[in-house]
Amino acid sequence: MDMIPKKYLIFKIMWMLFFTIYFIIGLDAHGAKLRRTFMNICILDDNTATTNGVGQMAAWSCQRLNIPDPAIFRFTSSEKFLTWLDQNDSLLIDVCFLDIDLKSETNGLAIARLIKDKNYHTLLVFMTVYDHYFTEMVQVEPFRFLAKPFQYEEFHKVFLEVHKRINLENSENKCMYSFKKNGITFSVDLNDIISISSDKRKIILLHDNGDRPSFYGKLDQVEQDVKLLTDKFMRISKSFLVNTDFVESIGKNSLSIQGSTYNISPKYKAQTEKIT
């Protein structure tokens, strides 16, 4: 194994000291609990001071930009991160800040590829003191780089660009619907949702791939929110909204979608006649 150059060891020590101080001070000034989520942010680095420090910087940048606090997921183990990623398959990660040279069998580049395979739109920001990975890093299409050790203003400049890119993508795709479950924000493309139903207090989204993500809420409120994004969904009963793009046939009191029959309540029959 090659010896780490002395200058990089110095950088690493400075980096650890900087974030330890930054984080301790930040807890007093910015220790409020999260209120609501705008972004899902992942941070992966084998140094705890780094993951805590970057998380604090992200929270500060959100306050500075006057946007809702983010949901921040910190990991110092690539194995734990991969387990978490597998268990939260429906979670939309907006941006991932990750180191490349991790102390594990799976390095940051391999993890970056897995993240991109899961969701191509996740933005990757690499944090590293090494530059000999540059060619490999480019292959996973990183959004930005942060050379360690970096100061808060350098981080904020990158975070501002992340924020702008997310806003741009959201404006280009008007059918992304977001909901919260267990404090985590999930997003689905309504173009892929066949129906939205309610079972007592639970809202169930039927995806065309068979998935059924759910969360607690009221169908009347969900209907209002969905109508702000698209006019594809139509109420057919007290408990069901259906995506008209998936309707195959309409009978007297029911309609058919992918071989399944959905009953139409008399109250909503007139509007279903508008489906062509």
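Residues numbered from 1 in each chain as written. Predicted model: local features only at pLDDT ≥ 70, side-chain atom pairs only at ≥ 80, totals over all residues. Heavy atoms only, no water.

Things to note about the sheet that holds strand β9 (residues 202-207)
A sheet is described by the order of its strands in space; here five strands give the open sequence β10-β9-β8-β12-β11, paired in antiparallel fashion. Whereas interior strands pair on both sides, the edge strands pair on one side only; in this sheet they are β10 (214-216) and β11 (233-237). Neighbour-to-neighbour, the strand axes of the sheet open up by a mean angle of 20°, direction not taken into account. Examined bridge by bridge, strand β8 (residues 193-199) and strand β12 (residues 240-243) share three bridges and lie antiparallel to one another. Paired with S197 across the strands is F240, a residue of β12. (Pairing = 2+ DSSP bridges. Helix = DSSP H or I, 4+ residues; strand = E, 2+ residues; numbered from the N terminus. Axes fitted to C-alpha atoms, helices over the stretch in contact; angles between N-to-C directions.)

Some thoughts on the sheet that holds strand β5 (residues 144-147)
The parallel open sheet is built from five strands, whose spatial order is β2-β1-β3-β4-β5. Each edge of the open sheet is held by one strand with a lone partner, namely β2 (71-75) and β5. Neighbour to neighbour, the strand axes of the sheet diverge by 15° on average, direction disregarded. With four bridges joining them, strand β1 (residues 40-44) and strand β3 (residues 95-99) adopt parallel strand pairing. Its bridge partner being in β3, I41 is matched across the sheet by V95. Strands in contact with helix α4 (residues 108-118) are β1, β3 and β4 (123-128); relative to β4, the strand with the most contacts, it is inclined by about 170°. (Contact = heavy atoms within 4.5 Å.)

Remarks on the pattern of salt bridges
Overall, the coordinates contain eight salt bridges when judged by the stated rule. Taking the shortest distance from any N to any O, the salt bridge between D99 and K148 comes out at 3.2 Å. With D99 in strand β3 and K148 in the loop between β5 and α6 (152-172), the pair connects residues that are 49 residues apart, well separated along the chain. Measuring nitrogen to oxygen at the nearest pair gives 2.5 Å for the salt bridge that ties R144 to E161. Taken together, the residues R144 in strand β5 and E161 in helix α6 connect sequence positions 17 residues apart. We classify R144 as partly exposed; its relative accessible area is 31%. Accessibility expressed as a relative area gives 24% for E161, which makes it partly exposed. A single salt-bridge network, built from bridges that share partners, covers D220, E223, K227 and R235. (Salt bridge = Lys/Arg side-chain N within 4 Å of Asp/Glu carboxyl O. Buried < 20%, exposed > 50% of the residue type's maximum accessible area, 1.4 Å probe, protein only.)

Any link to function would need more than the numbers given here.
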